[in-house]
Amino acid sequence: MIRLIKKADISQSQIMTIRIMAVFLSLFTAGVFILFLGHNPFSVYGSMMSGSFGSLYRLQETILKTIPLLITSLGIAVAFRMKFWNIGAEGQICMGAFCASFFALHFSELPSLILLPIMMVAGIVGGGVWALIPGVFKAYFGTNETLFTLMMNYIALKWITYLQYGPWKDPDALGFPKIKNFSESAILPNIFGIHIGWIIALLLVAIMHFFIHYTKKGYEITVVGESENTARYAGMDVKKVVLIGLLISGGLCGITGMIQASAISNTLSVEVSGGVGFTAIITTWLSGLSAPMIVLISFLFAILVQGGSFIQTAFQIPQSAAQMLQGVILFFVLGSEFFIQYQVIFPWNQYMQKEEN
Amino acid sequence: MALISFFAAAVVAGTPLLFATLGEILTEKSGNLNLGVEGMMLMGAVVGFQVGIMTQNPYLALIGAMGAGGLGAIIYGFLTITLRANQVVTGLSLTIFGAGFANYMGQKLIGQVVPESMKIFFRPVSLPVLGDIPYIGAIFFRQDPFVYLGYITAIVLGIYLYHTQYGLHVRVVGENPGAADASGVSVSMYKYIHCVVGGALCGLGGAYLSLVYVPAWQENVTAGRGWIAVALVIFAAWNPYKALIGACFFGGLDIVGFRLQAFDLKISQYIINMLPYIVTICVLIIASVRKSKEYGGPKGLGIPYFREER
């Protein structure tokens with residue numbers, strides 16, 4: 001009989017070997033598929049790389065795609081650490097963008113130095129509150145948070161659509177359904193050709209890493225996730241910890257919303273989140289909830305996205321093929337987790353073990 | 001009369017939701033939360049359409065759609081059941097994959113229309129006797145064959161889940177896989193079968209959109225209906241019969257905004273589009289406040305089963 005054993009201790013290098021093997025296997029599988037389409041897989045992969053790094057502009061594009069994934073993943077990781085399955089990042093991004101946009105549109109005459117921090121705080125509040133609503137129900141009634149947060153996404157998306165097609169529609173856009181562009185003062189400045197979101201992101205990585213590992217609240221969040229009973233026994237106010245954790249989680253997603261609205265689209269639109277909220281769930285999970293790993297995984301994923309849009313122009317391989325490639329890589333990496341956690345013992349190995357004994 | 005035609009249209013709009021919901025009910029009843037419904041629907045929609053255009057045969061088109069949805073579910077099943085990957089993350093990955101697959105396959109299909117012979121096959125048929133019932137007949141029994149297939153599937157699933165031994169086993173697997181395993185039920189096999197059949201039903205839901213509802217290929221033909229189906233599962237309390245009613249209700253919400261424009265009512269379609277999700281959240285909240293077992297969902301939902309860790 002085939003048996004499974006949970007691996008007791010496994011070294012970091014072994015874990016990395018398994019993960020890298022999974023990525024190579026997925027690239028091989030996708031390569032066969034690309035060959036089938038009549039292209040050379042090596043040149044396609046090569047041009048994906050050059051599409052992400054080939055020039056300063058392309059590198060900047062890759063980093064621009066990393067920023068939202070990175071910040072959102074940091075946020076989701078806080079909730080996941082408490083075993084609160086927050087899959088509502090998409091909605092939290094939207095609501096963060098909505099609150100920030102409210103100030104950007106209505107107080108556009110304020111100077112940048114005042115307006116941008118206000119927008120940032122508004123974004124945090126918007127995203128935080130949107131995460132807090134399911135959190136309150138989870139804490140007090142045990143309402144299923146996975147499904148609750150999922151539903152909240154679509155309410156937020158429809159809300160933005162409503163604003164864009166209704167009350168906030170720009171009357172000067174000749175009937176085109178778009179919201180008025182922000183004034184200059186509501187747009188994040190650039191540093192080294194990239195908006196300062198990248199500095200914010202790196203700061204947040206440091207802050208969150210410190211928060212989780214070196215503060216009391218961060219420790220409480222980890223304990224609540226490990227075992228709620230232990231937390232209660234140690235005298236922690238579990239409900240309070242969960243709610244604070246969710247405010248942080250949603251707040252970080254809200255920051256993403258504010259940055260994307262301000263620096264990328266310069267206005268509020270339904271595309272403000274563009275699926276980042278969902279993709280970030282995957283990057284968070286693959287990075288094992290560790291802040292430094294989130295940087296790496298988000299960057300790798302951004303390469304996939306940026307490289308994918310590049311091969312469309314270079315090889316006329318549609319972007320949807322790159323989307324499939326993303327899916328295939330995810331399947332392989334998700335599947336590889338199994339070999340990190342478990343050891344498969346085949347019948348013939350069992351007999352060998354006995355002989356050795 | 002306007003009201004009757006509205007209700008009849010709601011049944012039609014609810015049919016893709018019904019198939020996807022029934023599929024997801026079956027999947028979740030066996031303890032798997034597959035959030036790849038949207039992806040499986042898209043896969044079914046594109047393969048069903050492609051096969052339909054190639055063969056002009058409606059049966060083959062439906063089989064193709066079921067196969068595509070089932071294939072997506074097999075990937076999901078292998079990762080979550082055999083390799084015990086996280087169900088939420090795997091489901092989301094499946095949605096990414098399915099959307100990519102459908103957009104890729106569908107690139108050459110954009111603008112193509114369903115062949116006339118298949119349109120004739122899927123045109124509304126009035127059922128004898130039932131179709132003549134005043135009001136009810138016009139709403140429910142003068143529809144296309146696909147809609148009837150939806151009714152039948154819902155009833156068959158209801159009987160299967162609540163009145164057969166196999167159905168009892170599925171529910172135990174979903175509620176308490178440890179107990180099922182101890183009583184000799186093969187947990188993995190049950191999970192696999194219900195995942196795959198569930199995926200096939202999601203594929204059928206997608207095919208209804210591309211073959212009958214639109215009926216032409218357009219990118220992102222599902223337009224978020226997979227997520228509405230996930231909501232509908234909760235709304236229907238994981239019950240196939242209630243799914244039948246819920247699908248008509250959500251289908252009605254889907255089209256009501258458009259119809260209201262004719263009456264010059266100042267309610268935005270986008271606000272109405274929120275309603276399915278708001279209603280579902282209310283159901284979730286009420287269920288948890290009242291600690292209702294029925295509306296709580298299967299106990300083992302979302303948790304991989306590992307015999308050695310029991």
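Residues numbered from 1 in each chain as written. Chains lettered and ligands numbered in written order. Predicted model: local features only at pLDDT ≥ 70, side-chain atom pairs only at ≥ 80, totals over all residues. Heavy atoms only, no water.

Novice: Before we go on, may I ask you to explain the packing of aromatic side chains in this structure?
Specialist: Each aromatic ring pair is described using two quantities: the centre-to-centre distance and the angle formed by the ring planes. Considering all chains together, one arrives at 36 aromatic pairs over all chains under this definition. Judged by centre distance (6.2 Å) and plane angle (40 degrees), the rings of F192 of chain A and W198 of chain A are tilted. A relative accessible area of 70% means that F192 of chain A is categorised as exposed. Assessed through its relative accessible area of 23%, W198 of chain A is described here as partly exposed. Of the aromatic side chains, those joined through ring pairs into one cluster are F19, Y59, F121, F122, F146, Y208 and Y213 of chain B. The side chain of R84 of chain B reaches across the aromatic face of Y342 of chain A, ending 5.6 Å from its centre. Sitting above the plane of the Y104 of chain B ring, K108 of chain B keeps its charged end 5.9 Å from the centroid. (Phe/Tyr/Trp six-rings, centres within 6.5 Å; stacked < 30°, edge-to-face > 60°. Buried < 20%, exposed > 50% of the residue type's maximum accessible area, 1.4 Å probe, protein only. Lys NZ or Arg CZ within 6 Å of the ring centre and 35° of its normal.)

Novice: Sorry, what's going on with the interface of chain B and chain A here?
Specialist: Interface size is commonly expressed as the accessible surface area that is lost when the partners come together. Taken together, the contact pairs 44 residues of chain B with 42 residues of chain A. Of the roughly 4100 Å² buried between chain B and chain A, counting both surfaces, carbon and sulfur atoms make up 81%. Contact with chain A buries surface across chain B, with I96, Y104 and Y270 of chain B losing the most and accounting together for 16% of the total. The interface formed by chain B and chain A holds zero salt bridges in total. At the junction of chain B and chain A, the tally comes to three residue pairs in polar contact (both at pLDDT 80 or more). Only α3 (58-82), α4 (87-106), α11 (225-235) and α13 (269-289) of chain B provide two or more residues apiece to the side of chain B that touches chain A. Of all the elements, α4 of chain B adds the most residues to the side of chain B that touches chain A, at 13 residues. When grouped by side-chain class, the residues that make up the side of chain B that touches chain A number 29 nonpolar, eleven polar and four charged. (Contact = heavy atoms within 4.5 Å. Buried area = accessible area lost by both parts, 1.4 Å probe. Salt bridge = Lys/Arg side-chain N within 4 Å of Asp/Glu carboxyl O. Polar contact = N/O pair within 3.5 Å; in protein donor to acceptor, adjacent residues only side chain to side chain. Helix = DSSP H or I, 4+ residues; strand = E, 2+ residues; numbered from the N terminus. Nonpolar A, V, L, I, M, F, W, Y, C, P; charged D, E, K, R; others polar.)

Novice: It is not clear to me how the state of the cysteines should be interpreted in this structure. Could you clarify?
Specialist: Chemically, a disulfide is nothing more than a covalent bond linking the sulfur atoms of two cysteines. Applying the stated rule across the entire model yields zero disulfides over all chains. Take C94 of chain A: it sits in no disulfide, and the sulfur closest to it among the cysteines is that of C253 of chain A, at 11 Å. (Disulfide = S-S within 2.5 Å.)

Novice: Would you explain helix α7 (residues 145-163) of chain B in this entry?
Specialist: Residue pairs three or four apart in sequence face the same way in an α-helix, which turns once every 3.6 residues. Residues and elements named next belong to chain B. With 19 residues, α7 extends 26 Å between its outermost C-alpha atoms, agreeing within 8% with the 27 Å of an ideal straight helix rising 1.5 Å per residue. Structurally, α7 contributes buried residues whose contacts are with α1 (2-29), α3, α6 (136-140), α8 (165-175), α10 (187-213) and α12 (240-260). The distance from a side-chain oxygen at the start of α7 to the backbone nitrogen of F146 is 3.1 Å, and the residue carrying that oxygen is D144. (Expected span 1.5 Å × (residues − 1).)

Novice: Help me understand the environment of M324 of chain A in this model?
Specialist: By the element assignment, M324 of chain A lies in helix α13 (residues 319-341). On the basis of relative accessible area, M324 of chain A is assigned to the buried category, the value being 8%. Those residues within four positions of M324 of chain A in sequence are excluded, and the remaining contacts are F33 of chain A together with F97, G100, F101 and Y104 of chain B.

Novice: Hey, could you run me through the pattern of salt bridges in this one?
Specialist: When charged atoms on two side chains of opposite charge get close, those side chains can pair. Residues and elements named next belong to chain A. Evaluation of the coordinates by the stated rule reveals seven salt bridges over all chains. The partner of K216 in a salt bridge is E220, and the shortest N-O contact between them spans 3.8 Å. Separated by four residues within a single helix, K216 and E220 lie in helix α8 (residues 216-226), roughly one turn from each other. Here K216 falls in the exposed class, since its relative accessible area comes to 63%. Between E228 and R232 there is a salt bridge, with its nearest N and O atoms 3.1 Å apart. Of this pair, E228 and R232 are both found in helix α9 (residues 228-233), four residues apart, which corresponds to roughly one turn of the helix. Judged by its relative accessible area of 40%, E228 falls in the partly exposed class. According to the relative accessible area criterion, R232 is partly exposed, its value standing at 46%.

Novice: Just to check I follow, could you spell out the environment of M258 of chain A for this structure?
Specialist: Residue and element names in this part refer to chain A. Within the secondary structure, M258 is located in helix α10 (residues 238-265). Using a relative accessible area of 1% as the deciding quantity, one classes M258 as buried. C-alpha separation for the pair M258 and A97, spaced 161 residues apart in sequence, amounts to 4.5 Å. Sequence-distant contacts of M258, defined by excluding residues within four places in its chain, comprise G96, A97, A100, L116, M119, M120 and L188.

Any functional reading would require information that these geometric values do not contain.
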